[in-house]
Protein chains: 6
Amino acid sequence: MRKNRRHEDELREVKITRNYLKHPQGSVLIEVGDTKVICTAALEAKVPPFLRNSGKGWLTAEYAMLPMATQERNQRESVRGHIGGRTHEIQRLIGRSLRAVTDLDSLGENTVYIDCDVIQADGGTRTASITGSFVALVDLFRKMKEKGICETMPIRDYVSAVSVGVVDGQLLLDLEYEEDSRADVDMNVVMTGAGEFIEVQGTAERVPFGRDRLTAMVELAGRGIRKLTEVQREILGGQI
Amino acid sequence: MRKNRRHEDELREVKITRNYLKHPQGSVLIEVGDTKVICTAALEAKVPPFLRNSGKGWLTAEYAMLPMATQERNQRESVRGHIGGRTHEIQRLIGRSLRAVTDLDSLGENTVYIDCDVIQADGGTRTASITGSFVALVDLFRKMKEKGICETMPIRDYVSAVSVGVVDGQLLLDLEYEEDSRADVDMNVVMTGAGEFIEVQGTAERVPFGRDRLTAMVELAGRGIRKLTEVQREILGGQI
Amino acid sequence: MRKNRRHEDELREVKITRNYLKHPQGSVLIEVGDTKVICTAALEAKVPPFLRNSGKGWLTAEYAMLPMATQERNQRESVRGHIGGRTHEIQRLIGRSLRAVTDLDSLGENTVYIDCDVIQADGGTRTASITGSFVALVDLFRKMKEKGICETMPIRDYVSAVSVGVVDGQLLLDLEYEEDSRADVDMNVVMTGAGEFIEVQGTAERVPFGRDRLTAMVELAGRGIRKLTEVQREILGGQI
Amino acid sequence: MRKNRRHEDELREVKITRNYLKHPQGSVLIEVGDTKVICTAALEAKVPPFLRNSGKGWLTAEYAMLPMATQERNQRESVRGHIGGRTHEIQRLIGRSLRAVTDLDSLGENTVYIDCDVIQADGGTRTASITGSFVALVDLFRKMKEKGICETMPIRDYVSAVSVGVVDGQLLLDLEYEEDSRADVDMNVVMTGAGEFIEVQGTAERVPFGRDRLTAMVELAGRGIRKLTEVQREILGGQI
Amino acid sequence: MRKNRRHEDELREVKITRNYLKHPQGSVLIEVGDTKVICTAALEAKVPPFLRNSGKGWLTAEYAMLPMATQERNQRESVRGHIGGRTHEIQRLIGRSLRAVTDLDSLGENTVYIDCDVIQADGGTRTASITGSFVALVDLFRKMKEKGICETMPIRDYVSAVSVGVVDGQLLLDLEYEEDSRADVDMNVVMTGAGEFIEVQGTAERVPFGRDRLTAMVELAGRGIRKLTEVQREILGGQI
Amino acid sequence: MRKNRRHEDELREVKITRNYLKHPQGSVLIEVGDTKVICTAALEAKVPPFLRNSGKGWLTAEYAMLPMATQERNQRESVRGHIGGRTHEIQRLIGRSLRAVTDLDSLGENTVYIDCDVIQADGGTRTASITGSFVALVDLFRKMKEKGICETMPIRDYVSAVSVGVVDGQLLLDLEYEEDSRADVDMNVVMTGAGEFIEVQGTAERVPFGRDRLTAMVELAGRGIRKLTEVQREILGGQI
């Protein structure tokens, strides 16, 4: 049995608070068990050089952790003077995942900035960031539509993310930190509301895995995603 | 009349939530009006080079803002690759203020890390950081005492901070952002529970000020500090 | 038909030159079509802090491109002053892949440095880096065994990597640059000689993909890996 | 008695040499006891982004120390790769102090660069920098007026700065290094020729201080400032 | 006798492979004994700020080593976060040497990027870089002329470089690493095909040297240069 | 005729002020015409890693310019965040030149720090730095000998440096800035008191130069060095 009597194929409790901050157009606090991330979405009227004069927009994401979000204090990347490999990897993943459901062509020459700041970490911070940012993004787009900046919502589908892993030979959904640190295999899956894959990243941390294991993990992730999509749909109160 | 019918000599509503995070020994969310800061206190068993083999401890502070804590998105200092002048100035102030009431000699060769992360900014983030961090620090020290790391509480007095300013010729206590940006004079005052000064920083933003103005500002700050000390005393539930 | 009359499920020509450089204990030039990477393996008698006094070893990888390896000159990361996100991502992948087949416990407190320097890029530089580095690593381990630094070869299995993708609706093995830049889905797969997965990274660049597509891609990658393992086995001339 | 039979309320000898360097339009060497600072003022025909197309000018200051200005060699900030907190704090103070008496609106879209380089340090380098830079600034403005770049002198009043402190319970004016390092309270005061405050920064280094102490320190600083203003007036030979 | 029965006034074997890489317009692999450098020349349609709107072009050079080019692994400058003094010195020398024979005025507002990447180092990497880059540069200029970007070849003469040194009291031409590390005097000479000097850099590593020694070194270098010019002429197959 | 009726083979006036600063053991202000450099020498009880436990010492040099030392303000390297190529080149030259006459073996495990800070630049800052630092170094060594840190003076000979150049076809000694900027050939020569070379660096800025020119330049430099050695001897008042 997992902590809090959780089943192997059960998500931790997911709670999304919309309009968490005063300034950004879209902002949520997402809590997945003890993992807590503030996700914001904001628009700036500029695009990176490769899109200038293209009429198209862009979406980019940044990710960081508070120093005391983890058990051991982690040094600020501003103090170290550069962004580390793990941070780069995560923020690139968040950006790709949200761009995959966004209609960049209809954004105009604007850039959406997604900021994911982990307040408290207990495993699954990158997947929670994706799931939460999607809600902040929809809120931003709704405001843009209200103000007439875009005519239709520039979004094609829901997107959310979840981890699966193999711990002590058992397939588990949505790993918390203590499970993650003991996992033999660790996989992050990003999927659309329609149930298609945007990203599959599976890593054998200790023991290589076979084709069947891969299939089972992907299937379990799919079940988690369906529940996360429901949570998003409910909190957003109707059609995106 | 100020926003929310606030009087000239009235603080904004102050709310301090203790044990806000799971991992650090001391952690609070302090809300002063719309300004929200997470303050944490954590101990590490090391000291800076100049204290090695001295038997004494140290306390240091770091300060940062979420990119969307402000109206305009502010670039992460990790992305810029270095910490800016304003951040340096603020975190040095926080550190000095808390060291002034801490008995560093009885800490042993340990360093207290204070982290102040501004979630939402509406003026007075540095003074809220000091007021909130003090509570987190006491919580850390109480845990250290419980565990027998120190015999007595290594703290000598309360410390809190508040801003005063001159806006349109009027003396105001605890400026919010909109007031601060119009102020002719801006002063931050850090005081102990006993009503003595730890730091006085007054700046003529537009118009130099005379001796009487200085006296009046310092007096008004003192009244604000007395109320903040009460808030701290109440939330800490008895003797520090 | 693909360039050079290549079939959809056909690898580009793979050529591995051992002992390419004079100084490092293991060094190869791997050529996969027009992609050319120098891979070296070298031992240093030190470990990262988290392994000190553990008796265990470590393996780390670095990856870079010559400025003119690509069609457009890419700026040196030494000139930019930091390593970019893509580089971080790739060198972390190379390191994880090789560690997965290395017996770090029997290395002693030594670190293996893998360096992958792309001389010429035409798609698949990260997968070529993994496939080539494996050969350099075996050469290093053979020299270590000869010199009695380790008693048995600290390696458990072969490892190699290949890309698969969906271009114009067609499933293709081992994408070259021109194909990669048009791909709807792009997947990198790292597998052992025993046919198990070490890493699966699939990304929908444009169009989300379904379960069947995932299965087909993974299966096609497996066929590529089997051929790469044969190439490695042959060039290494017998048992690893 | 203080060193060199100095009284408690007595400044060290102040010597200002104008036109100390050949290239900049304004340049002085200021010597306050053994503290020696080269201060220069130069004009560049550009403004920071927030002032473009505003018709207004700007003034900014930079501060540094020679490595051997202090007793122990201090590492160059160019070698460390970034500017430290103390430097940031000081150069922001110098900039604010001079801007407070400068008519930025009548500068046109030009920026004044103030550079303060400490050749030898013996306490009070930041206050000497302000006092000396003022003279360099007036020299620059006089040349600008001669050349017809501005019609009237864009300066409103004198500005100078001095430190006061409490050492062994005694109130002292203009601390030298040895006194400063033993001070319980340390205050820097920046005032105009008219005797009004631009900046008051008091810090309890060891012992919090009361209202009376604050009043006495501010009063003593005022007396020091009056003498510094006289020195400036004399060296500048007449009306600013 | 030197290694490989080389005479004191004899160059190591020099081999230049043209069109070594696929993408850049000019690219060679130069091998001087065991020293191997990839040199490329590429054109970009921009110039540094000081040449904008001048109608003139520029040539700049960058130099780097693979980490395992040397016996001991040398840390990547991208990882260190900055370019070291030795690299700066070498790439400035390469740039100056090639600019001295290039007609920058007839390049238009274009910049030639020379990249020298040392694959394997055995002494004389900077001189090999100059000798090799010259060939890559001519190949670039020939392509520019073919495409009509310039009417005549913007080059005035050949340029190549060689080292001489004093080892154990003997004057030696073209030092390899082992000799270089024992040399009392070390000199790098850059000359034109016409036999005139572009750069002479002689350093007494251990023992100061007299006028006669200087004359003899310069004379010996001249003989080496004549042979290198022949090698360049032959590989370029006719008139530059 | 040159400025100030100077002859072609005439040095500018050289003035060296010893004990220019209070803190360092050796410090001079050297003035060569309008070029002014503060040179200091200081000892620290540590050596770089490659000399630990060798019993030998080291000497290293740093060089910088004040922002307003030049006609156009040059940006601080601390603000740029790194040291530029020119600075690297110069400080390496200064270090090599002084090490060549220093007996590092008898220094013990100590490092001499030479700091050269250009207060005002008018050509020849690197050569003035070498000539001035030598005097500061002797003063440091004399103090070390007095204190018994070393038994004999760890110095073997005088060292000084001078520039020569070809301007409008004429050979000139000791170029000032205006001449240097028009020079076709520019050479810096470092020599010992015994008249032997430590460093010869000649660069054809515009026009390659022949063997005779080289000989003439070197001869003229030698004459300049003899005079500089006399100046050093006189100011040092007797035997080094």
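Structural data are supplied above this passage.
Counting of residues starts from 1 at the beginning of each chain's written sequence and follows it residue by residue. Here chains are named by letter from A upward and ligands by number from 1 upward, in the order in which they appear as written. Only residues with pLDDT of 70 or above have their local features reported here, since the model is predicted, and side-chain atom pairs are shown and tallied only from 80 upward, although totals for entire chains, interfaces and linings are computed over all residues. Hydrogens are left out, water is left out, and the side-chain values use all remaining heavy atoms of the structure.

Asks: Could you give me a rundown of the relation of the copies chain E and chain C, with the residues and numbers involved?
Replies: To go from the first copy of the chain to the second, apply a rotation about an axis and then a shift along the same axis. When the copies are overlaid, the least-squares fit takes in C-alpha atoms only where the residue has pLDDT of at least 70 in both copies. With an RMSD of 0.0 Å, chain E superimposes on chain C once it is rotated by 180 degrees and translated 0.0 Å along the axis. These values place the two chain copies in the arrangement generated by a two-fold rotation axis. Of every C-alpha in chain E, the one belonging to S78 of chain E sits nearest the axis of rotation, 1.8 Å from it. Note on contacts: a residue pair qualifies if any of its non-hydrogen atoms lie within 4.5 Å across the two residues. Same-surface contact between copies: 100% of interface residues of chain E are shared with the interface of chain C.

Asks: Summarise the pattern of salt bridges; cite the residues concerned and give the values.
Replies: When a carboxyl oxygen of Asp or Glu lies within 4 Å of a side-chain nitrogen of Lys or Arg, that pair is called a salt bridge. For the structure shown, the criterion picks out 135 salt bridges over all chains. Among the salt bridges present, the one from D168 of chain C reaches R182 of chain C, with a minimum N-O distance of 2.7 Å. With D168 of chain C in the loop between β6 (159–167) and β7 (170–173) and R182 of chain C in the loop between α4 (177–180) and β8 (185–192), this residue pair connects regions lying 14 residues apart in the sequence. Note on classification: 1.4 Å probe, protein chains only; a residue is buried when its accessible area is under 20% of the maximum for its type, exposed when over 50%, partly exposed between these limits. Classification of D168 of chain C by relative accessible area gives exposed; the value is 60%. One salt-bridge network, in which partners are shared between bridges, spans R2, K3, R6, R12, D34, D122, D174, E176 and E179 of chain C together with K22 of chain E. Under the scheme used here, helices are H or I runs from DSSP no shorter than 4 residues and strands are E runs no shorter than 2 residues, and both carry numbers assigned from the N terminus.

Asks: Account for the packing of aromatic side chains, naming residues and giving values.
Replies: Centre distance within 6.5 Å is the pairing criterion for rings of Phe, Tyr and Trp, where only the six-membered ring of Trp is used; planes under 30 degrees apart are then read as stacked, over 60 as edge-to-face, and the remainder as tilted. If you walk through the whole model with that rule in mind, you get 18 aromatic pairs over all chains. With 5.2 Å between their ring centres and 85 degrees between their planes, F50 of chain D and W58 of chain D make a pair best called edge-to-face. Overall, the relative accessible area of 57% leaves F50 of chain D in the exposed class. With relative accessibility at 22%, the residue W58 of chain D sits in the partly exposed group. Directly above the aromatic system of Y158 of chain A lies the positively charged group of R233 of chain A, at a separation of 4.9 Å from the ring centroid. By definition, being over a ring means that NZ of Lys or CZ of Arg is both within 6 Å of the ring centre and within 35 degrees of the ring normal.

Asks: Summarise the sheet that holds β6 of chain C; cite the residues concerned and give the values.
Replies: Where strands meet in a sheet, backbone hydrogen bonds hold them as pairs that are either parallel or antiparallel. DSSP calls a pair of strands paired once it identifies at least 2 bridges connecting them. Strand order in the open sheet made by the eight strands is β7(A)-β6(A)-β8(A)-β9(A)-β9(C)-β8(C)-β6(C)-β7(C), with antiparallel pairing throughout. The sheet terminates laterally at β7 (170–173) of chain A together with β7 of chain C, the two strands that pair on one side only. For this sheet, the mean inter-axis angle between neighbouring strands, taken without regard to orientation, is 15 degrees. Pairing between strand β8 (residues 185–192) of chain A and strand β9 (residues 197–204) of chain A: seven bridges, direction antiparallel. Across the sheet, the residue bridging to N188 of chain A is Q201 of chain A, located in β9 of chain A. Contacts from helix α3 (residues 125–146) of chain A reach β6 (159–167), β8 and β9 of chain A, with the element oriented near 160 degrees to β6 of chain A. Axes here mean lines fitted to C-alpha atoms, for a helix over just the part in contact, with angles spanning 0 to 180 degrees between N-to-C directions.

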